[in-house]
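# Structural characterization, general
Here's the letter readout for the chains.
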Amino acid sequence: MKSTALIFTKSLFIGGLSASVAAGDTDLFSMSLEDLLNIQVVTTPSMYEQSIQSTPVSTTIITAQQINEQGYRTLSDLLAAQRSFYVAYDRNYSYVGVRGYARPGDFNSRVLIMINGQRINDNYYDSGFIGREFPLSMQAIERVEIVRGPNSSVYGSNALLAVVNVVTRNNDNTKEVRLTAGRFNTYSTEAFISKALDSEQQLTVSLSTYHSDGDDFVYYPEFDSPSTNNGVYQNNDGDFANKLFLKYTQRAFSFSAFYSKRIKDIPTASYGTLFNAQGTEVKDIKIHWDATLLHDFNNDIAMTWTFYGDRYDYSGDYVYDYPPVTINRENTRVDTLGAKGVISHQINSHHLMYGVEHRRDHSFQYENFDVEPYFLYEQNRGSQHFSALFFQDEFASGNHWLWTLGARLDKYSNFDTSFNPRLSVQYNTTDDSSWKLLATRAFRIPSLSDRSVTGDLNAETVKSVELVYEKLLTKNSNLMTTVFYNQIDNLISFRFDEDLGETTAFNSKSNVNSRGFELEYRYQMKNQLILSASYGYISAQSNNELVTANSPQHLLKSNVLMPVFDGFWNIGLNAQYLSERKTVFGDWAKAYFLTNMTISSTDDFSEKWQLSASLYNIFDKQYADPASINHTQTTIPQDGRSLYLQANYRL
């Protein structure tokens with residue numbers, strides 16, 4: 001491990017302009033683990049490029065090669081295979097948990113999801129999409145940077161538990177078409193083009209369409225009676241998505257935009273809807289654009305300005321039998337404009353980063369009504385804005401110490417001002433090991449959706465302390481261990497109000513304490529094997545039973561990549577164990593162990609064709625995820641064994 005304390009670069013990441021080396025274009029089998037650690041660069045932890053060894057927080061990079069060869073179909077699949085993370089699926093949306101926090105029915109509002117450094121959490125529900133609703137094709141991804149722990153000192157609200165930044169492919173002059181087919185009459189088509197227009201201009205376009213009929217026979221014992229089709233929900237699990245992404249770069253200017261539309265049938269009778277009825281579905285449309293300009297003043301100062309716009313449209317149709325049978329509809333729209341400026345400045349051993357951001361949700365509207373006969377239940381319209389100042393100083397002290405001091409101040413038009421500092425101390429020893437101590441505070445303001453059901457809510461806050469030890473055992477292996485403590489105050493939860501007849505939000509009166517430790521071993525031998533294995537122990541406690549729901553105490557993960565058949569094919573294996581999890585109803589979702597396998601061809605097999613076959617849930621394990629208070633079921637059953645075939649052709 002390098003003892004050098006600081007890496008500086010003029011190129012800021014904010015708009016994805018950086019062409020940092022992240023092993024995205026390099027065959028992982030061509031290098032040892034030590035070689036990989038020496039070239040990997042991340043941008044998410046501090047908004048500028050750093051070697052992965054010098055980041056102030058626990059960070060993981062997942063490359064395009066790993067995505068393809070491990071068979072990750074969605075960002076949810078990818079996160080489920082990583083240390084600290086676990087996911088749940090209620091057959092509508094996918095939800096991510098981090099170190100014991102994953103309240104069923106939450107909209108991933110405590111994890112910040114970004115594409116090329118730009119926030120994509122919507123600005124009404126604060127939802128961060130990770131499943132099929134994620135607005136980008138997996139084919140368009142160069143790498144995913146995962147930052148564990150609070151990061152509000154850099155990114156503000158929603159960076160409460162983790163930050164996930166998806167970096168798109170660029171500068172690779174590639175034309176590809178990808179076809180996928182699998183269980184449940186699932187098929188998808190993806191096309192990706194990245195072309196250098198000249199020596200200074202690059203254009204990237206990604207298109208994809210996805211169709212799945214879903215499971216046509218989903219059984220719920222809670223509905224097992226003749227009046228509800230003996231507990232079987234039939235033919236209403238469809239999932240359909242269309243996505244478009246484009247990016248244009250010219251020297252120090254970058255423009256990118258995406259459009260995504262996803263329609264999902266809901267086969268769970270959530271929110272008290274009519275069981276086994278066709279037509280209960282949700283539709284999510286996400287439109288986003290951003291333009292970034294980078295300017296170098298001299299060799300030590302770089303400034304980046306980013307301007308962005310965002311629209312989120314949600315529509316949900318819910319079939320009820322009042323009687324008569326009636327469609328109740330929810331419509332939500334929020335339009336956003338914003339700007340962010342960041343200066344990166346090198347002064348001797350200090351790397352300074354300071355910036356400003358302003359975002360205005362200049363129009364949001366929500367309405368809930370019966371379609372026919374028309375009856376309006378609720379309507380909410382308005383606007384909001386915030387401004388922020390942030391600062392960070394990373395500096396070396398001697399040959400072994402690296403310090404990071406940072407803070408961010410967020411001022412809201414309709415909420416209290418929030419100040420969130422961060423302190424990180426790293427000590428690099430002379431025997432290829434390092435210690436990192438991180439203390440930070442983060443926050444999340446209640447979303448517009450939270451405040452629409454209960455106006456008087458306080459911001460959630462988390463105080464976090466983490467100690468990380470990393471040791472390069474050999475040039476091919478390393479060991480990481482971390483001990484952490486998180487205390488969340490004013491956690492926002494939901495309950496059904498019998499008097500009002502609706503779900504309301506409230507701040508938990510007791511704090512939530514999460515403490516635990518993690519171990520991760522990584523091994524990488526040139527041309528032979530790539531292995532990672534991790535174990536996490538988490539204890540999440542509170543006097544409020546609701547807030548500790550869906551919190552496994554034990555997490556085991558293992559990922560293996562190995563070449564076979566003289567290097568013409570690679571096999572990827574992924575194994576996950578989650579211990580039992582308490583539900584919001586007081587019972588328990590059983591522990592489970594899942595194994596997935598993907599076999600994929602390499603360039604030695606064909607430079608034009610890449611073929612793969614993925615078998616998920618190999619042993620056909622029957623398992624379920626905890627349901628939310630919006631369900632009658634205590635758990636939601638998940639899919640059994642599934643086979644998917646994929647062909648990728650380079651034009």
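Refer to the structure presented above.
My aim in this report is to walk through the structure given alongside it, one point at a time. (Residues numbered from 1 in each chain as written. Predicted model: local features only at pLDDT ≥ 70, side-chain atom pairs only at ≥ 80, totals over all residues. Heavy atoms only, no water.)

Moving on, we come to the overall build of the protein. In terms of helices and strands, the protein carries five helices and 39 strands. A compact globule built from 651 residues should have a C-alpha radius of gyration of about 26 Å, and the protein, at 24 Å, falls within 12% of that. By principal-axis analysis of the C-alpha atoms, the protein measures approximately 75 × 60 × 50 Å. Here the protein holds 651 residues, and the buried ones make up 61% of them. Here the analysis covers contacts within the protein between residues at least 6 apart in sequence; of these, 62% occur between residues at least 24 apart. Of the roughly 25100 Å² of accessible surface on the protein, 55% is carried by carbon and sulfur atoms. For the protein, the distance from the average position of its 55 positive side-chain charges to the average position of its 72 negative side-chain charges is 4 Å. (Helix = DSSP H or I, 4+ residues; strand = E, 2+ residues; numbered from the N terminus. Rg over C-alpha atoms; globule rule 2.2 N^0.38 Å. Buried < 20%, exposed > 50% of the residue type's maximum accessible area, 1.4 Å probe, protein only. Contact = heavy atoms within 4.5 Å. Areas by Shrake-Rupley, 256 points an atom, 1.4 Å probe, with all protein chains shown as cover. Lys, Arg positive; Asp, Glu negative; His and termini not counted. Charge placed at Lys NZ, Arg CZ, Asp CG, Glu CD.)

Throughout the structure, instances matching the rule amount to 29 aromatic pairs. Seen from their ring centres, Tyr124 and Tyr125 are 5.0 Å apart, and the 75 degrees between their planes marks the pair as edge-to-face. The class for Tyr125 is buried, based on a relative accessible area of 10%. An aromatic cluster of three or more residues is present, and its members are Tyr93, Phe107, Tyr124, Tyr125, Phe129, Tyr312, Tyr314, Phe364 and Tyr366. Its guanidinium or amino end placed over the ring of Phe484, Arg99 lies 4.5 Å from that ring's centre, counting from NZ or CZ. (Phe/Tyr/Trp six-rings, centres within 6.5 Å; stacked < 30°, edge-to-face > 60°. Lys NZ or Arg CZ within 6 Å of the ring centre and 35° of its normal.)

Strand order in the open sheet formed by five strands is 3-8-9-6-7, and the pairing between neighbours is mixed. The sheet is open, and its two borders are formed by strand 3 (59-63) and strand 7 (118-119), each paired with just one other strand. As paired elements, strand 6 (residues 111-115) and strand 9 (residues 162-168) share five bridges and run parallel to each other. Bridge pairing in strand 9 links Ile115 to Val166. (Pairing = 2+ DSSP bridges.)

Applying the stated criterion to the full structure yields 31 salt bridges. A salt bridge links Asp106 to Arg110, with the shortest nitrogen-to-oxygen separation between them at 2.5 Å. For the pair formed by Asp106 and Arg110, the shared burial category is buried. For Arg262, the salt bridge identified is with Glu133, shortest N-O distance 3.7 Å. Residue Arg262 is found in strand 16 (residues 253-265), and its partner Glu133 is found in the loop between strand 7 and strand 8 (141-148); the two are separated by 129 residues along the sequence. With respect to class, Arg262 is no different from Glu133; both count as buried. When salt bridges with common partners are traced through the structure, they connect Arg103, Asp106, Arg110, Arg444, Asp450 and Glu460 into a single cluster. (Salt bridge = Lys/Arg side-chain N within 4 Å of Asp/Glu carboxyl O.)

Turning next to the side chain of Thr332. Tracing the sequence through the fold places Thr332 in strand 19 (residues 325-347). Separated by 2.7 Å, the side chains of Thr332 and Tyr125 make a polar contact. (Polar contact = N/O pair within 3.5 Å; in protein donor to acceptor, adjacent residues only side chain to side chain.)

Moving on, we get to the nonpolar core. Grouped together as the largest cluster of nonpolar side chains are 38 residues, with contacts concentrated most on Leu75, Leu78, Leu79 and Val144. When contributions to this core are tallied by element, the ones reaching two or more residues are helix 3 (75-80), strand 4 (85-89), strand 5 (94-98), strand 6, strand 8 and strand 9. At four residues, the largest contribution of residues to this core is made by helix 3. In terms of nonpolar packing, the next biggest core, distinct from the first, is built from 15 residues, Tyr93, Tyr95, Phe129 and Val282 among them. (Core = buried A, V, L, I, M, F, W, Y, C linked by side-chain atoms within 4.5 Å.)

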